[in-house]
Amino acid sequence: MPQELILSRDAYLLTIDLRLFWLVAFIYAASALVFILHAVTRSPQAGSAARGIMWAGVVIHLFFIAFRTFEGGRAPFQTLYESLSWFACTASLTCVVVSRKFRDVHVPSMFVVMLSAGASFYALLTRNPAVDPLSPPLQSWWFEWHVVMAFLSYAVIVVSCAIEGTYLISRPLLARGAPRALGLTAQDTDGFRKTAFNLVLFGFPLLTFAVFSGAAWANEAWGRYWSWDPKETWSLITWTVFAMYLHAMGIPAWRKNVASILNVAGFICMMMTFLGVNWLAKLLGIPGLHLYAV
Amino acid sequence: MAGTNKKTGKAGVPAGASLYLYRKLSSLRVSVYLLGVLTFFYGLGTVFPQGAALEEYSGAGGKVVAAVRLFNLLDIFNTPWFLVPAFVLFLNVLVCTYDRFFTIRARKKTLPETFPADCAVTLDCARSDVEEELPGILRGKLGFRVLSKTPGWTVLEKGLSYRWLTWLYHAALAASFAGFILSGLFVREGMVTLRPGKPAEVVSAGEKLGWLEKEDHAAPDFRLVLDAFITAYTQSPSLEYPTDKRSRLAYALGWKGLSYKSEEDSFFPKDWFSKLRVLRGGATVSEKTIEVNDPLKFEGYTFYQAAYEQTLRLRVKGSPSIVEAKAGEKIKLPGMEGEFLFGTLRVGTLNRLDGTVEKIIPFTTVKKITDAKESAGKGMRLTPGNSVDIDGRTIELVDFEEASVLSYRYDPGVPVLWVAGSLVFIVMALRCFGRWYMLAYTLEDTGGRTLLKLHIRAKGLSADPERIKRRLLHCLSNRA
Ligand code: HEM
């Protein structure tokens, strides 16, 4: 095929790709707005509608990821544009699947869909969508799986934190005698919170694999499995905080408050690893191997 | 340590004063505290630029110079403030693993005599019949194995024991710590620059050594030789896409379509290859073409493609001498005013978009630097044996040489970390994603009918105790 034709074909495919992702971002935003409407009006229909819109966003998002895989001829998880999309998709997917168990509780979904919309708009407005060739260090099996697993674990952690946060807010309200708080009743809370724990239990081995595969990749590419690069160190902080959380859940006296705080702290550390570390490194002028992702 | 502690009644537990220390070191709470302390140091390590010199730090506006100097905050992960709690955590994992080994092994003997019943079902048959058939159903159809049997309750188990799995990956975590310690003690790493055809020693000045390594350690008795260095480029068209947010929205709403433009010089490095040979006493003992992500391993050493150097040999017509310039560095040329900048020498292969691969005719670029604006522009193309005219003088590229820069590392901790790290992940995944059940039952005679009391515990994300209950009751009713 002549070069000009290849370029116009690629541009055409990328235009579809870009518009699909914009569509997904707008659907997430619409879902977030309807969730807010539900929070204000307490209308159950608004809650169900918001959830339905979120489902639609997830389905189109999965299609978008499949489309980009076809377009690029490789797994679409390698640039920040792509990993933000993967993060938004898996967070929303996890949320819609998990929240089927708690049909009247909408706060976690509202939080997750807002974050997914934020991640999608951030990718669309600040990143280049081009399917560029990868620089030599990034051409590694380890890198691909490192990113897939890291962002999958982040997605699960987001949903866990959303549930933990809802639990933390509803608990004092229920303790004061309210029959329902944020859609939860006193009987629901233990099972609801157990879901947050199970999600971390699901995410922790993935996070472990993400740290391990990152080290294995660094070992193959740079000859040093650990460099105390700020991004690496923040991923270790996130991993450590979740290990603390899982241990705290095994200590009866810490199961309630300490563990909840650690779960939320783990989410904050995850966000630092994901985005904040680049900002921190720029602010403090610390160079890092991972800064190509800025 | 061995023997049974009289106070605790537990095998393997020390007695007397060491009991206090033992208890602390096998405590789950202590592990959370220690992980917290380490997290604090990790955080500090991201606030202070690790590896930077104190002058760099203060020069960049660092404010807490005195504290940085006192606590060695620019190399925090090598200070006792960090290493001591890290080592105590290692002991914590070790002692905890040791302690839990005895606890888990003794578990069969310490099972309670009765269990709270989660569910009770009345069966329409005699107790003796159920007593006879229930074990067969639980073992044959549901896959349980008997753990213990008392006159009251029978306890069975199904799946990999989550306790042993938890134990095993904690033991593997301890082994990972051992790997880190091995790395810290014996690591050697450095850089070696290889010029084509010239064998080079591996050990160079400026090596970074582990805590137990000496500067005068025996150098390896082999040398490396570079047979060829090749760069593979790929064409990289650039996307015409705005950076401002409003214009990007216009693309989203369909007012504009995207387009790519391909410039003649869009060379994107796809990979760097070094064809290497290992020589011992003049004979080749190993050879490999390495690339980024595919190093050469030889006798505990690993050699990585780290960088490359390009030396351009130039002549200004009328000047007798040959000048050497490095690509990317500014240089003065004899008899000429100002400074000159030579671009990266493009040599190797180019993968075109249409799938064809072509050999690049080597070229570099040259431009005169007069002000910052000019440095940003493109230079003039210069190929070997050809010349360009600048300021009325002719600059000729006589020839060039490429050197491959390898980093190398000797690290006996890495194999340990590979095995231990893989084990941690695999076993942790089995523990978290798998399923484990413990089922205890007792039968009571209720005048010709039988009351079955069940207690089920489950661990692991794929465990579904309700399903077990349903299947058991289904099998029992079918039997009836
Ligand atoms: C880097 C260090 C550590 C990591 C990453 C880690 C990780 C974990 C994880 C993920 C769990 C939850 C899943 C499970 O129950 O299997 C867990 C549980 C557990 N860990 Fe650790 N651990 C570490 C150190 C320790 C230490 C030092 C101890 C000893 C005190 C310990 C004792 C335990 C125990 C007893 C449990 C089971 C808790 C329960 O029954 O719920 N761990 N650990």
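In this text, all values refer to a predicted model and were calculated from it rather than measured experimentally.

Participant: Would you mind going over the overall build of chain B with me for this structure?
Facilitator: When helices and strands are counted, chain B shows 11 helices and 24 strands. If one aligns the C-alpha atoms of chain B with their principal axes, the spans along those axes are about 120 × 65 × 55 Å. When each of the 480 residues of chain B is scored for burial, the buried share is 45%. Within chain B, contacts between residues at least 6 apart in sequence are counted, and of these 62% link residues at least 24 apart. A gap of 9 Å separates the mean positions of the 64 positive and 50 negative side-chain charges of chain B.

Participant: What exactly am I supposed to notice about helix α6 (residues 127-141) of chain B here?
Facilitator: Note: α-helices contain 3.6 residues per turn, so residues at a spacing of three or four share the same orientation. Residues and elements named next belong to chain B. Relative to the 21 Å expected for 15 residues at 1.5 Å per residue, α6 spans 20 Å between its end C-alpha atoms, a close match to the ideal helical length. The complete set of buried residues in α6 reads Val130, Leu134, Pro135, Ile137 and Leu138. With its phi angle positive at about 75 degrees, Gly143 sits one or two positions after the end of α6.

Participant: Would you explain the domain arrangement of chain B in this entry?
Facilitator: You'll often see interface size given as the accessible area lost when the parts meet. Splitting chain B by domain gives domain 1 (18-108), domain 2 (111-160 + 434-477) and domain 3 (309-404). Here the C-alpha centre of domain 2 of chain B lies 46 Å away from the C-alpha centre of domain 1 of chain B.

Participant: Could you clarify how one ought to interpret the confidence of the model for chain A in this entry?
Facilitator: In low-pLDDT regions, the fine details of the predicted coordinates are not to be read closely. This prediction gives chain A a mean pLDDT of 91; 95% of its residues lie at or above 70. Per-residue pLDDT stays below 50 along residues 288-294 of chain A; that stretch engages in 20 contacts with residues further than four places along the chain or on separate chains.

Participant: Please clarify how a positive patch on the surface should be interpreted in this entry.
Facilitator: Residues and elements named next belong to chain B. A contiguous patch of positive charge, built from Arg435, Arg467, Arg470 and Arg471, is present on the exposed surface. Following the sequence through the fold, Arg467 ends up in helix α11 (residues 465-479). By relative accessible area, Arg467 is classed as partly exposed at 39%.

Participant: Teacher, can you tell me more about the coordination of the iron atom of the ligand here?
Facilitator: Expected angles at a metal are 109.5 degrees for tetrahedral coordination by four donors and either 90 or 180 degrees for octahedral coordination by six donors. For the iron atom of the ligand, the full set of protein donor atoms is A:His247 (NE2) and B:His170 (NE2), at a range of 1.9 to 2.0 Å. Taken together, the six donor atoms surrounding the iron atom of the ligand define angles of 80 to 179 degrees at the centre, an arrangement classified as octahedral. Placement of the pair is A:His247 in helix α7 (residues 230-248) and B:His170 in helix α7 (residues 162-186), with the two residues belonging to separate chains. Here the two residues A:His247 and B:His170 agree in accessibility, since each one is buried.

Participant: What is the right way to read the sheet that holds strand β15 (residues 330-332) of chain B from this model?
Facilitator: Paired through their backbone hydrogen bonds, the strands of a sheet run either parallel or antiparallel. All names here are of chain B. The four strands lie next to each other as β15-β16-β19-β20, forming an open sheet whose pairing is antiparallel. Each of the sheet's edge strands pairs with one partner strand only, and the pair in question is β15 and β20 (380-382). The mean angle between the axes of side-by-side strands here comes to 40 degrees, regardless of whether they run parallel or antiparallel.

Participant: Could you clarify how one ought to interpret the site of the ligand in this entry?
Facilitator: As a matter of local geometry, the ligand sits amid 19 residues, with A:His247, B:Cys96, B:Thr166, B:Tyr169 and B:His170 nearest to it. B:Tyr169 is positioned such that a nitrogen or oxygen atom in its side chain is 2.6 Å from an oxygen atom of the ligand. Between B:Arg431 and the ligand, the recorded distance is 3.0 Å, taken from a side-chain N or O atom to an oxygen atom. Contributions of two or more residues to the shell around the ligand are made by α7 of chain A together with α2 (28-47), α5 (80-105) and α7 of chain B. For the shell around the ligand, the per-class residue count stands at nine nonpolar, eight polar and two charged.

Participant: I tried to follow the sheet that holds strand β2 (residues 145-149) of chain B on my own but got confused; where do I start?
Facilitator: Residues and elements named next belong to chain B. Across the sheet, five strands lie side by side as β1-β24-β23-β3-β2; this open sheet has antiparallel pairing. A strand with exactly one partner marks an edge of an open sheet, and here the two such strands are β1 (119-123) and β2. Neighbour-to-neighbour, the strand axes of the sheet open up by a mean angle of 25 degrees, direction not taken into account. Pairing analysis gives five bridges linking β1 to strand β24 (residues 449-459), with the strands arranged antiparallel. By the bridge assignment, Cys119 is partnered in β24 with Leu454. Along the sheet face, α6 touches β1, β2, β3 (154-158), β23 (436-446) and β24 and points at about 170 degrees away from the line of β23.

Participant: Would you take a moment to explain the side chain of A:Glu71 for this structure?
Facilitator: Residues and elements named next belong to chain A. Topologically, Glu71 is positioned in helix α2 (residues 44-72). Buried within the structure, Glu71 lacks any salt-bridge partner; its nearest side chain of opposite charge belongs to Arg68, at an N-O separation of 4.5 Å. Residue contacts for Glu71: discarding those within four places in its chain leaves Asp10, Leu13, Leu14, Asp17 and Val131.

Participant: Just to check I follow, could you spell out the nonpolar core for this structure?
Facilitator: Nonpolar side chains in soluble globular proteins tend to be buried together. With 146 residues, the main nonpolar core has A:Leu18, A:Phe87, A:Val112, A:Phe151, A:Tyr154 and A:Tyr245 as its most contacted residues. A:Tyr245 has contacts with A:Glu164, A:Ala196, A:Phe197, A:Val200, A:Ala259, A:Leu262 and A:Asn263, leaving out every residue within four places of it along the chain. B:Cys119, B:Tyr437, B:Leu439 and B:Leu452 belong to the second-largest nonpolar core, a separate cluster that totals 23 residues.

Participant: Got a minute to help me understand a nonpolar patch on the surface in this structure?
Facilitator: A grouping of A:Phe26, B:Leu249, B:Leu253 and B:Trp255 is seen on the molecular surface, where their side chains present a nonpolar patch of about 440 Å² in accessible area. Note on placement: B:Leu249 falls in helix α8 (residues 245-252).

Participant: Any chance you could explain the domain arrangement of chain A here in plain terms?
Facilitator: Residues and elements named next belong to chain A. Segmentation of chain A into domains returns domain 1 (1-133) and domain 2 (135-294). Each of domain 1 and domain 2 has a C-alpha centre, and these two points are 21 Å apart. Taken together, the contacts link 25 residues of domain 1 with 29 residues of domain 2. Taken over both partners, the interface formed by domain 1 and domain 2 buries close to 2,300 Å², and the fraction arising from carbon and sulfur atoms is 79%. Taken as a group, Gln78, Phe87 and Phe102 account for 22% of the area that domain 1 buries against domain 2, more than any other trio of residues on that side.

Participant: I'm lost on the packing of aromatic side chains in this one. Help?
Facilitator: In this description, an aromatic ring pair is defined by two values, namely the gap between the centres and the angle between the planes. Residue and element names in this part refer to chain B. This structure, assessed with the given rule, holds 62 aromatic pairs over all chains. On the numbers, 6.3 Å between centres and 80 degrees between planes, the contact of Phe41 with Phe82 is edge-to-face. Taken together, the positions of Phe41 in helix α2 and Phe82 in helix α5 put the pair 41 residues apart, joining distant regions of the chain. Judged on exposure class, the residue Phe41 and its partner Phe82 are both buried. Residues Tyr301 and Tyr408 carry aromatic rings whose centres are separated by 6.1 Å and whose planes lie at 50 degrees to one another, so their mutual orientation is tilted. Taken together, the residues Tyr301 in strand β13 (residues 301-316) and Tyr408 in strand β22 (residues 393-410) connect sequence positions 107 residues apart.

Each value, and the rule that gives it
- Residues numbered from 1 in each chain as written.
- Chains lettered and ligands numbered in written order.
- Predicted model: local features only at pLDDT ≥ 70, side-chain atom pairs only at ≥ 80, totals over all residues.
- Heavy atoms only, no water.
- Helix = DSSP H or I, 4+ residues; strand = E, 2+ residues; numbered from the N terminus.
- Buried < 20%, exposed > 50% of the residue type's maximum accessible area, 1.4 Å probe, protein only.
- Contact = heavy atoms within 4.5 Å.
- Lys, Arg positive; Asp, Glu negative; His and termini not counted.
- Charge placed at Lys NZ, Arg CZ, Asp CG, Glu CD.
- Expected span 1.5 Å × (residues − 1).
- Domains from an automatic or database assignment.
- pLDDT = per-residue confidence, 0-100.
- Patch = residues over 30% accessible without salt bridge, like charges linked within 9 Å, V, L, I, M, F, W, Y side chains within 5 Å.
- Areas by Shrake-Rupley, 256 points an atom, 1.4 Å probe, with all protein chains shown as cover.
- Salt bridge = Lys/Arg side-chain N within 4 Å of Asp/Glu carboxyl O.
- Donors = N, O, S within 2.8 Å, 3.2 Å for Na, K, Ca; no water.
- Tetrahedral: all angles 85-135°; square planar, octahedral: opposite > 155°, others 65-115°.
- Pairing = 2+ DSSP bridges.
- Axes fitted to C-alpha atoms, helices over the stretch in contact; angles between N-to-C directions.
- Near = heavy atom within 4 Å.
- Polar contact = N/O pair within 3.5 Å; in protein donor to acceptor, adjacent residues only side chain to side chain.
- Nonpolar A, V, L, I, M, F, W, Y, C, P; charged D, E, K, R; others polar.
- Core = buried A, V, L, I, M, F, W, Y, C linked by side-chain atoms within 4.5 Å.
- Buried area = accessible area lost by both parts, 1.4 Å probe.
- Phe/Tyr/Trp six-rings, centres within 6.5 Å; stacked < 30°, edge-to-face > 60°.

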